[in-house]
Amino acid sequence: RKLGIRVVPSIANAGFNRDFVVDAIGTPENRTQHVQKLVAIVVDNQFDGIDIDYESLASGDREMFTLFIEELAAALHAQNKLLSIAVHAKTKDAGTWDGPAAQDWARLGAAADEFKIMTYDFHYSGGEAGPIAPLDWIEEVLTYAATVVPPEKTYVGVHFYGYDWVGTSGEGLEWNNVMKRAEQHGAVVQRDE
């Protein structure tokens, strides 16, 4: 804070367990309590705001999650605090699986101050091998985002990991582990220009 750096902690559902989110915001009463608790954490700790990263939601959770974000934004803004949210990448409103389908980008983008798109896992650890974040896909995601969210609110989340795939199972590795594994197997690092 002394250096002028904003303090905005991120809150995620542990293990990205959907049940935790449904328990916290699944009813109007629980949602109100959860919003009040989060605002209290921000205010009591003199944080500048909070970042919400609730994942593994089902498409049917869309309205529940949207109402939560709208109510949290209103409560935080009343305290002059900001709301940041992390969302799954998608190239159309419906998305290609439940996670993105559960997120109404137009309403979430209108409520939040910072809209952070996780532009990774195009191919993921439980699927076939392939690029995590191909540039043409990221371009499609951002093109779609610009149609529903003010671009000045949009942030691109990038990955700092790769996958070592064996068949259709990928093990997530960060750079230092990749280099250790390459050395262990005598692999030569090659780059595609």
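The preceding data block contains the structure.
Below or above, wherever it landed, is the structure these notes cover.

Conventions adopted
- Residue positions are given per chain, counted from 1 along the sequence in the order it is written.
- With pLDDT at 70 or above as the cut-off, local features in this predicted model cover only qualifying residues; side-chain atom pairs require 80 or more to be listed or tallied, and sums for whole chains, interfaces and linings still use all residues.
- The side-chain quantities take in all heavy atoms of the structure and omit both hydrogens and water.
- When the centres of two rings from Phe, Tyr and Trp lie within 6.5 Å, Trp using its six-membered ring, the rings pair. Their planes under 30 degrees apart give stacked, over 60 give edge-to-face, and anything left gives tilted.
- A run of H or I in DSSP counts as a helix once it spans at least four residues, and a run of E counts as a strand once it spans at least two, with each numbered from the N terminus.
- Throughout, exposure labels follow a simple rule: accessible area from a 1.4 Å probe, protein chains only, divided by the maximum for the residue type, with under 20% read as buried, over 50% as exposed, and the rest as partly exposed.
- Patch membership needs two things, relative accessible area over 30% and no salt bridge, and members are linked within 9 Å if like-charged or within 5 Å if nonpolar (Val, Leu, Ile, Met, Phe, Trp, Tyr).
- Shrake-Rupley sampling with a 1.4 Å probe provides the accessible areas, and residues are treated as covered by the protein chains on show and by no other component.
- Salt bridges are identified by distance alone: a Lys or Arg side-chain nitrogen within 4 Å of an Asp or Glu carboxyl oxygen.
- Paired strands, in this sense, are two strands between which DSSP finds at least two bridges.
- Note on definitions: angles span 0 to 180 degrees between N-to-C directions of axes, and those axes are lines fitted to C-alpha atoms, for helices only across the stretch in contact.
- Residues count as neighbours in contact if any of their non-hydrogen atoms are within 4.5 Å of one another.
- Convention used here: a crossover is right-handed provided that the path from the first strand, over the helix, to the second strand proceeds clockwise when the strands point away from the viewer.
- Within this scheme, the nonpolar core is defined by two criteria: the residues are buried Ala, Val, Leu, Ile, Met, Phe, Trp, Tyr or Cys, and they are joined through side-chain atoms within 4.5 Å.

### Observations regarding the packing of aromatic side chains
Tallying each qualifying case throughout the model produces 8 aromatic pairs. Measuring from ring centre to ring centre gives 5.4 Å for tryptophan 105 and tyrosine 144, while their planes differ by 35°; the resulting arrangement is tilted. Highlighted residues: tryptophan 105 in helix α5 (residues 105-111) and tyrosine 144 in helix α6 (residues 135-148), separated in sequence by 39 residues. For the pair shown, tryptophan 105 and tyrosine 144 are each scored as buried.

### Thoughts on unusual backbone geometry
A positive phi angle, near 65°, is found at serine 56, a position not held by glycine. Mapped onto the elements, serine 56 comes out in the loop between β2 (49-53) and α3 (62-78). Looking at serine 56, the relative accessible area reads 35%, which means it is partly exposed. One non-glycine residue, asparagine 80, adopts positive backbone phi at about 60°.

### Topic: a nonpolar patch on the surface
There is a patch of nonpolar side chains on the surface, built from Val156, Val158 and Phe160 and spanning about 320 Å² of accessible area. Assignment of secondary structure puts phenylalanine 160 in the loop between β5 (154-157) and β6 (162-166). Relative accessible area serves as the criterion here: at 70%, phenylalanine 160 is assigned to the exposed category.

### Considering the sheet that holds strand β1 (residues 10-12)
Read from one edge to the other, the open sheet built from 5 strands follows the order β1-β2-β3-β4-β5, with strand pairing classed as parallel. Strand pairing shows two members of the sheet lacking a second neighbour, β1 and β5, which therefore form its edges. In this sheet, neighbouring strand axes are inclined to one another by 25° on average, regardless of whether the strands run parallel or antiparallel. Bridge analysis of β2 against strand β3 (residues 82-88) gives 4 bridges, and the strand direction is parallel. Residue isoleucine 52 lies in a different strand from β3, and its bridge partner there is isoleucine 85. Sheet contacts for α3: β2 and β3; angle to β3, the most-contacted strand, approximately 160°.

### A short note on the pairing of β2
With 5 of 5 residues buried, β2 is to be regarded as a mostly interior element. The side-chain alternation of β2 yields two buried faces, one formed by Gly49, Asp51 and Asp53 and the other by Ile50 and Ile52. Two elements, β1 and β2, share 3 bridges in a ladder whose sense is parallel. When the sheet's bridge partners are listed, alanine 12 is paired in β2 with aspartate 53. After leaving β2, the chain enters α3 and then returns to the sheet as β3, a path that is right-handed.

### Digging into the pairing of strand β4 (residues 114-118)
Within a regular strand, side chains alternate between the sheet's two faces. Counting buried positions along β4 yields 4 of 5 residues, so the element is predominantly enclosed. Two strands pair when backbone bridges link them, and β3 and β4 are joined in this way by 5 bridges, in the parallel orientation. Bridge assignment links isoleucine 85 to a residue of β4, and that residue is phenylalanine 115. For the crossover that starts at β4, traverses α6 and ends in the parallel β5, the hand is right-handed.

### Quick word on the nonpolar core
Ile52, Phe68 and Leu72 are the most contacted members of the largest nonpolar core, which totals 37 residues. Elements represented by at least two residues in this core include exactly α1 (18-25), α2 (28-44), β2, α3, β3, α5, β4 and α6.

Structural measurements only, silent on function.
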